[in-house]
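So you can see what is in the structure, the chains are spelled out below.
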Amino acid sequence: MHGLFRWSSKWWPGVIPLLILCIIAAWTSTPTVEADLAARSNAALKDTVLDKRRIAVDGRDVTFAADAFSEDGRLSAVASVETVPGVRRVNDETRLVPEAKPFVWSAERDVVRVTLSGSSPLPSSKGKLVEAARANLGGVEVVDQMSLARGAPPRFDNVALLLLDQIGKLKDGKITLTDSKVSLAGMARDLGGREAILAALKNLPEGYTVAANDIKAPPYVFQAYKDPVAVTVTLTGYVPDNNVHAALAAAAGRKFFSEKVVDNLKASIGAPQGFANAVVPALGALSRLSTGTLVVSDREVKLSGDAFYDAAANQIRASLGKDFPQVWQYKADISVKPASAPVDATVCQQLLAELLSRGTIRFESGKTDIAPDSAGLLDRLIETAMRCPTSNIEIAGHTDTDGDEAANQALSEKRAQAVTDYLVKAGLPADRFTPVGYGSTQPVAGNETEEGKAQNRRIDFVVK
């Protein structure tokens, strides 16, 4: 017995370090086992569609939390974790994503951003919509306020992407999908944008309908600016079609303006009824201004600028809108340009001749009535005559050789008198002007061509 005691006293002290090493090994290997189980559990879930997934391991027990998008998907995910080798028990804390009734998704655009809100059925759907908004909306800020929910209508992704394309055609507005019903409100970015949106919505899948449509077209704007410094008239904005475009540009260049016409017009749908019938007389009024701006917005006409003299300003204010179609509105903000410095007779003649070289006083065919589109030229001639108040001026009428010589003589005299009467009515003294008719006796071009005849049918101003 004594010998046994002496033998055991030799080995038991070595057991203590061994026990300590075992405890340390068990303690240090536990985190490694838990990390391995966590990694393998996550790997088992790689093909599942879940949100807010969380795996926690305590020893060989796994706590699994996640939001699933269907009951079958939730049960399948739990089963995948339970079959991971080494897992003893799974604490199931999974749940279903809430169901949205009704299922509502919307895209709203303002000046600087697009906001996506409402519900999305899957994380992949959510990401796809955000990516498409950023890629297709020209760098506009995209704000994602979507939450995940069950209950989406069939083919949600395709429909939402189609609606998102229409947001790009809006200046501002909102498109909402409520279950299978689409509602739209806002302002189209361009003319024709509203029609393009409606055309695109015809491609909605079967079962989807447009429940409300309050998309407005932007104002239909036509503008003309007369710049006396650059000696140009610039046309911008829209016209209904190429035929109206050509007619307006030709009328502006041939009838109303001696200035260079800069044509930046574009053809577009959406013109208000009576567009051309309002724009043509409005351009005529603009032609009577020294400098001015004409803005036609839908059925409203605004004309502003400086007339050449007081009587012209009063005439323009009184006559604007007289020939417009019904229901059109108009406003004339007309002032009078400051009087130019007086000139002597020689300069006066040069100025009058220059004006008449760039334009012709026109009359109704075979008559003595001055054509309305000559008012702009006459206003310039009147302003120039005002600058040489001590000079007498002969108003000389001329015709081509067509017709009877006596009739041409009489016509030239009456037309010279008509111009003189116009000048006197504008406020110039009658005793400064002498109307004279020369018939066809003083041609400036040959009468063999229509172009030559047109040059011979004229009124000259001769300073005495």
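Below or above, wherever it landed, is the structure these notes cover. Since this is a predicted model, take the numbers as computed values, not measurements. (Residues numbered from 1 in each chain as written. Predicted model: local features only at pLDDT ≥ 70, side-chain atom pairs only at ≥ 80, totals over all residues. Heavy atoms only, no water.)

1. A closer look at the nonpolar core
Then comes step 1: With 61 residues, the main nonpolar core has Phe222, Leu283, Leu294, Ile361, Val419 and Phe461 as its most contacted residues.
Then comes step 2: Element by element, the count of residues in this core is highest for helix H7 (residues 275-286), at 7 residues.
Then comes step 3: Summarising the domain contributions, this core has at least three residues from each of domain 3 (221-336) and domain 4 (345-463).
Then comes step 4: The residues touching leucine 283, leaving out its near neighbours within four places in the chain, are Phe222, Ala224, Leu235, Leu248, Phe256, Phe257 and Leu294.
Then comes step 5: Ranked by size, the runner-up nonpolar core spans 33 residues in total, among them Trp105, Ala107, Ala132 and Val140. (Core = buried A, V, L, I, M, F, W, Y, C linked by side-chain atoms within 4.5 Å. Buried < 20%, exposed > 50% of the residue type's maximum accessible area, 1.4 Å probe, protein only. Helix = DSSP H or I, 4+ residues; strand = E, 2+ residues; numbered from the N terminus. Domains from an automatic or database assignment. Contact = heavy atoms within 4.5 Å.)

2. Observations regarding helix H8 (residues 310-319)
Then comes step 1: Buried within H8 are the following residues: Ala312, Ala313 and Ile316. Along the long axis of H8, the arc covered by the buried residues comes to 100°, so they all point the same way. Counted as exposed and oriented over 90 degrees from the buried face of H8: Asp310 and Ala318.
Then comes step 2: Its buried side turned inward, H8 meets H7, strand E14 (289-297), strand E15 (300-307), strand E16 (329-336) and helix H10 (375-386).
Then comes step 3: Glycine 321, located one to two residues past H8, shows a positive phi value of around 95°. (Arc of directions from axis to C-beta.)

3. Digging into unusual backbone geometry
Excluding glycine, residues mostly have negative phi values, and the peptide bonds linking residues are mostly trans.
Then comes step 1: A cis amide bond links lysine 101 with the next residue in sequence, proline 102, at an omega value of -5°.
Then comes step 2: When you line up the elements, proline 102 lands in the loop between strand E4 (95-96) and strand E5 (104-109).
Then comes step 3: One non-glycine residue with positive phi stands out, namely lysine 52, at about 55°.
Then comes step 4: As for its placement among the helices and strands, lysine 52 is situated in strand E1 (residues 50-58).
Then comes step 5: In this structure, valine 327 is a non-glycine residue whose phi angle is positive, near 70°.
Then comes step 6: By the secondary structure assignment, valine 327 is in the loop between H8 and E16.
Then comes step 7: When its relative accessible area of 61% is taken as the criterion, valine 327 is described as exposed.

4. A word on the sheet that holds strand E9 (residues 181-188)
Then comes step 1: One open sheet accounts for 6 strands, arranged E7-E6-E5-E8-E9-E10; its pairing is mixed. Either end of the sheet is taken by a strand with one partner, and the two such strands are strand E7 (141-148) and strand E10 (209-216). Neighbouring strand axes in the sheet, compared pairwise and without regard to direction, differ in orientation by 5° on average.
Then comes step 2: In this sheet, E10 lies alongside E9 in parallel orientation, the contact comprising 7 bridges. (Pairing = 2+ DSSP bridges. Axes fitted to C-alpha atoms, helices over the stretch in contact; angles between N-to-C directions.)

5. Side note on the side chain of glutamate 394
Then comes step 1: By the secondary structure assignment, glutamate 394 is in strand E17 (residues 393-398).
Then comes step 2: Separated by 3.0 Å, the side chains of glutamate 394 and tyrosine 438 make a polar contact.
Then comes step 3: When near neighbours in sequence (up to four residues on either side) are disregarded, glutamate 394 contacts Thr434, Val436, Tyr438, Asp460, Phe461, Val462 and Lys464. (Polar contact = N/O pair within 3.5 Å; in protein donor to acceptor, adjacent residues only side chain to side chain.)

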